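Chain and residue survey
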Amino acid sequence: MNKYKLIFIGTSSFGLPAFTALASDPDFEIILTITQPDLPAGRRQIITASPIKLKAEEKGIAVLQPQFISDIREKILSQNPDLIVVAAYGQLIPEDILNIPQFGCLNLHASLLPKYRGSAVIQAAILNGDRQTGITVMKLDKGLDTGPILAQSPLNIAEDDTAETLRAKLAAASADFLANAIKRYLTGEISPAPQDSSLASFAKTLTKSDGLVDWTKPADYLEKFIRAMWPWPAAWTWWNGKQVKIISAQNQPLEISSYKPGKTFKYNSGLAVQCGQNALIIKKLQLEGKTALDSQEFLRGQKDFMGSVLG
RNA sequence: CGCGGGGUAGAGCAGUUGGCAGCUCGCCAGGCCCAUAACCUGGAGGUCGGGGGUUCAAAUCCCCCCCCCGCAA
């Protein structure tokens, strides 16, 4: 098997395991990495390079960071890649670039397409209470996550999975899976199969306000909501004019409905919050400006919290 | 220099018109009880993030630095 020349396009840490696996695979040579420009990030607005860029530099792979990927179309063309691999880049790639490599462009996606096209797909799977999700390797076309599927790998969602833990599991699972799928595709062992668009669903991009807890919702929904929103935007609510993040709650709701939604009360020496239907025990939370605390420790310092109404 | 909150006992917090450093929990010892994460008594544990300054006196006022966190990206 010849050594295939790849261009890797990606930004976030989700693609890092896959990128690392490809970069150290003797069957591939990554001739170029394309990632988003370094942007101000974090509390001090420090200009920060993407995880993919850092890894590429460590591996001695060339990196380009165009404002718009179409700006470097000629450059990509001149590299004459056999294949382009995309993982969590953060920008739609125009069709005239998709068509450059003879084998096209492959994408790593964090759901079992056609379910959950879009961006917040891991969160959507948890929020909907799915037992299983997975990763998809697909061929990109001009649509958003609409291209034909090459390979999929299912993964069970654990009772206590948050978007953070599930994302890490999916990223880890994708490392070897993507490399193998590419090889089987290049050798003709597998070929792209069209998605059944009638089964498609879309997971829209989340914003901070999507994390605001609606306490009139049922407790079992909110329990999933809390796990789905973690670590960003995080499930949060209002208390005394301040934001409070609800980090984790007990996944077994209490069958109590005697209070107003959002009302906090003591239950078996734990902190409970009334929901629209049943109630939840809050295990860990964080007041803005403070560190994340176990509910017992939190209550020790915030004497007025118990008995107040959140939201 | 993006905006803002905060660093006080093992944990969480109170304590600024400057004046012997507190509370809740935990911990140790003892007691009560059939028993207990309950209750009672006693106890250990802090250079108040670090450095400098003002002062008779600084957790508290002024200057510099370090660290944590919310917003924003």
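Predicted model only: the values in this text are computed from it and were never measured.

On to the protein's contact with RNA strand B. Inspection of the region around RNA strand B gives 18 residues, with Arg43, Gln45, Lys208, Lys290 and Glu297 positioned closest. At the protein interface, 56% of the atoms of RNA strand B within 4 Å belong to sugar or phosphate. Counting only elements with at least two residues in the surface near RNA strand B, the list comes to β13 (242–249) and α8 (295–301). Tallying contributions element by element places α8 first for the surface near RNA strand B, with three residues. For the surface near RNA strand B, a count of residues per class yields two nonpolar, seven polar and nine charged.

This paragraph deals with unusual backbone geometry. Omega for the bond connecting Trp230 with Pro231 falls within 30 degrees of zero, at 5 degrees, which places this linkage in the cis form. Examined against the element boundaries, Pro231 turns out to sit in the loop between α7 (219–229) and β12 (235–239). Not every positive phi belongs to a glycine, and Asn80 is a case in point at roughly 50 degrees. You can see Asn80 is positioned in the loop between α3 (73–79) and β6 (83–87).

It is worth spelling out the packing of aromatic side chains at this point. Here the distance between the centres and the angle between the planes together describe a pair of aromatic rings. The full count for this structure, using the stated rule, is eight aromatic pairs. With 6.2 Å between their ring centres and 75 degrees between their planes, Phe103 and Tyr185 make a pair best called edge-to-face. Separated by 82 residues along the polypeptide, Phe103 in the loop between α4 (95–98) and β7 (105–109) and Tyr185 in helix α6 (residues 163–186) bring together distant segments of the chain. Under the relative-accessibility criterion, Tyr185 is labelled buried at 9%. Taken together, the aromatic side chains of Tyr4, Phe103 and Tyr185 make up a single cluster linked through ring pairs.

What follows concerns the domain arrangement of chain A. According to the domain assignment, chain A contains domain 1 (4–203) and domain 2 (208–301). The centre of domain 1, based on its C-alpha atoms, is set 34 Å off from the matching centre of domain 2. Between domain 1 and domain 2, the contact holds 11 residues from the first and 11 residues from the second. Taken together, the two surfaces of domain 1 and domain 2 that pack against each other cover about 890 Å², and 59% of this comes from carbon and sulfur. Sorting the residues of domain 1 by area buried against domain 2 places Leu127, Glu159 and Glu164 first, and these three jointly supply 50% of that buried surface. Our count for the domain 1 to domain 2 interface comes out at zero salt bridges.

Residues Leu92, Leu144 and Phe202 make up a contiguous nonpolar surface patch of roughly 330 Å² in combined accessible area. Summarising the element assignment, Leu92 is placed in the loop between β6 and α4. You can call Leu92 exposed: its relative accessible area is 56%.

Within the largest apolar cluster, 70 residues are counted, with the highest numbers of intra-cluster contacts made by Leu22, Leu83 and Ile182. A per-element tally of this core places α6 first, with 11 residues. Two domains share this core, each providing at least three of its residues, namely domain 1 (4–203) and domain 2 (208–301). Ignoring any residue separated from it by four or fewer positions in sequence, one finds Ile182 in contact with Leu22, Phe28, Leu83, Val85 and Leu106.

Counting buried positions over the seven residues of strand β1 (residues 4–10) gives six, a clear majority of the element. For β1 and strand β2 (residues 28–34), the ladder comprises six bridges, and the chain directions are parallel. When the bridges of β2 are listed, Tyr4 appears paired with Phe28. On the question of chirality, the crossover connecting β1 to the parallel β2 by way of helix α1 (residues 16–23) is right-handed. Pairing between β1 and β6: five bridges, direction parallel. Bridge pairing in β6 links Ile9 to Val86.

With their axes 7 Å apart at the nearest point, α1 and α6 run at an angle of 40 degrees to one another. With respect to each other, α1 and α6 are oriented oblique. When the axes of α1 and α6 are compared, the crossing they make is right-handed. Two secondary-structure elements touch here, α1 through Pro17, Ala18, Ala21 and Leu22 and α6 through Ala171, Ala172, Ser174, Ala175, Asp176, Leu178, Ala179 and Ile182. Looking at the contact of α1 with α6 residue by residue, the classes come out as 10 nonpolar, one polar and one charged.

The sheet built from seven strands is open, its strands ordered β5-β2-β1-β6-β7-β9-β10 with mixed pairing. A single partner strand is all that each edge strand has here, and the edge strands are β5 (63–64) and β10 (149–156). Alignment of β6 against β7, held across four bridges, turns out to be parallel. Bridging across to β7, Ile84 finds its partner in Cys105.

Calculation notes
Residues numbered from 1 in each chain as written. Chains lettered and ligands numbered in written order. Predicted model: local features only at pLDDT ≥ 70, side-chain atom pairs only at ≥ 80, totals over all residues. Heavy atoms only, no water. Near = heavy atom within 4 Å. Helix = DSSP H or I, 4+ residues; strand = E, 2+ residues; numbered from the N terminus. Nonpolar A, V, L, I, M, F, W, Y, C, P; charged D, E, K, R; others polar. Phe/Tyr/Trp six-rings, centres within 6.5 Å; stacked < 30°, edge-to-face > 60°. Buried < 20%, exposed > 50% of the residue type's maximum accessible area, 1.4 Å probe, protein only. Domains from an automatic or database assignment. Contact = heavy atoms within 4.5 Å. Buried area = accessible area lost by both parts, 1.4 Å probe. Salt bridge = Lys/Arg side-chain N within 4 Å of Asp/Glu carboxyl O. Patch = residues over 30% accessible without salt bridge, like charges linked within 9 Å, V, L, I, M, F, W, Y side chains within 5 Å. Areas by Shrake-Rupley, 256 points an atom, 1.4 Å probe, with all protein chains shown as cover. Core = buried A, V, L, I, M, F, W, Y, C linked by side-chain atoms within 4.5 Å. Pairing = 2+ DSSP bridges. Right-handed = clockwise from strand over helix to strand, strands pointing away. Axes fitted to C-alpha atoms, helices over the stretch in contact; angles between N-to-C directions. Parallel < 35°, antiparallel > 145°, perpendicular 65-115°, else oblique. Left-handed = near helix turned anticlockwise from the far one by under 90°.

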